[in-house]
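Residues per chain, in single letters:
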Amino acid sequence: MKKAGISVSILDADLARIVNIVEEIEEGGADSIHLDIMDGHFVRNLSFGPGFVKSIRRLTDIELDAHLMVERPGEYLKGFADAGCDSLTVHLESDVEMASVLDRIDELGLKAGLALNPATELHKIESLAVRLERILIMTVNPGFGGQKFIGEGVGKIKQAREEISRLGSDALIGVDGGINNETGRSAAMAGADFLVAGSALLNSERLPDAIRKLRNECFG
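No experiment lies behind these values; they were computed from the predicted model shown. (Residues numbered from 1 in each chain as written. Predicted model: local features only at pLDDT ≥ 70, side-chain atom pairs only at ≥ 80, totals over all residues. Heavy atoms only, no water.)

A. Representation of helix 5 (residues 153-167) in the model. The terminal C-alpha atoms of helix 5 lie 21 Å apart, and with 15 residues this matches the ideal 21 Å at 1.5 Å per residue to within 8%. Those residues of helix 5 not exposed but buried are Gly153, Val154, Lys156, Ile157, Ala160 and Ile164. Here the buried residues of helix 5 occupy an arc of 155° about the axis, which is enough to place them on one side. Opposite the packed face of helix 5, turned more than 90 degrees from it, sit the exposed residues Glu162 and Ser165. The inward-facing, buried residues of helix 5 contact strand 5 (111-116), strand 6 (134-138), strand 7 (172-176) and helix 6 (181-190). Phi turns positive, to about 75°, at Gly168, one or two residues after helix 5. (Helix = DSSP H or I, 4+ residues; strand = E, 2+ residues; numbered from the N terminus. Expected span 1.5 Å × (residues − 1). Buried < 20%, exposed > 50% of the residue type's maximum accessible area, 1.4 Å probe, protein only. Arc of directions from axis to C-beta. Contact = heavy atoms within 4.5 Å.)

As structure tokens, this is what we get:
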């Protein structure tokens, strides 16, 4: 994904219209589709599996990023790689040896991302930052779409921008949770390279126009 990117989360999409929605995401010029994968343990919700992702892959060549909100991400990596994902974003809060998970993502030839919940401090990723393609700052507590943006996340985005520069990392900074035109502008001004937006786009009158407007409003 390039900088100034827009990633569309389809967690709350009308699955009866998924073929049309994917076409509209492409028409709007989005940079990726964000796939929220939930196991009912790490978060209370359940969502998609590899079979669904494989179906999305057949519909589009757009980048697919699986955001693994799961307790044991290592058990899921190959399944989602085989399903056609381009990148895998795992949670630092997962109770695993994260370096080995990142090794496995590298072995699968995919881009590696690391997500941080709102309460997780940035210094905890210091030893891993140079290995990452992206860092995903959560501005809601993960598990459900349509939540309100946590404003304190803006300071965390600024801190992340400073830290990855200090550490010599090329990781892109993404922001996920409660993103709309207003909160997206705040995140972009704080240093975000890409925004993950779901409900604000999917509930719009016309999805392609909403994607283009979000990009223009936030990145100019």
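On we go.
B. Quick look at empty space enclosed by the protein. A complete count under the given rule lists one cavity of 30 Å³ or more for this structure. Of the volumes computed, that of the largest cavity is approximately 70 Å³. Taken together, Leu122, His123, Ile125, Glu126, Ala129, Ile135, Ala160, Glu163, Ile164 and Leu167 form the lining of the largest cavity. The element contributing the most residues to the lining of the largest cavity is helix 5, with four residues. Of the residues belonging to the lining of the largest cavity, the class tally is seven nonpolar, one polar and two charged. (1 Å grid on protein atoms, 1.4 Å probe; cavity = no way out; pocket = protein on both sides within 12 Å on 5 of 7 lines; lining within 4 Å. Points joined across faces, edges and corners; volume = space filled by probe spheres on them. Nonpolar A, V, L, I, M, F, W, Y, C, P; charged D, E, K, R; others polar.)

C. Just the packing of aromatic side chains, in detail. Within this structure, the stated rule accounts for one aromatic pair. When the ring of Phe48 is compared with that of Phe52, the centres are 4.3 Å apart and the planes differ by 15°; the resulting orientation is stacked. Look at Phe48 and you get buried, because its relative accessible area is 11%. In this arrangement the basic side chain of Arg134 is found over the ring face of Phe194, its NZ or CZ atom lying 5.6 Å from the centre. (Phe/Tyr/Trp six-rings, centres within 6.5 Å; stacked < 30°, edge-to-face > 60°. Lys NZ or Arg CZ within 6 Å of the ring centre and 35° of its normal.)

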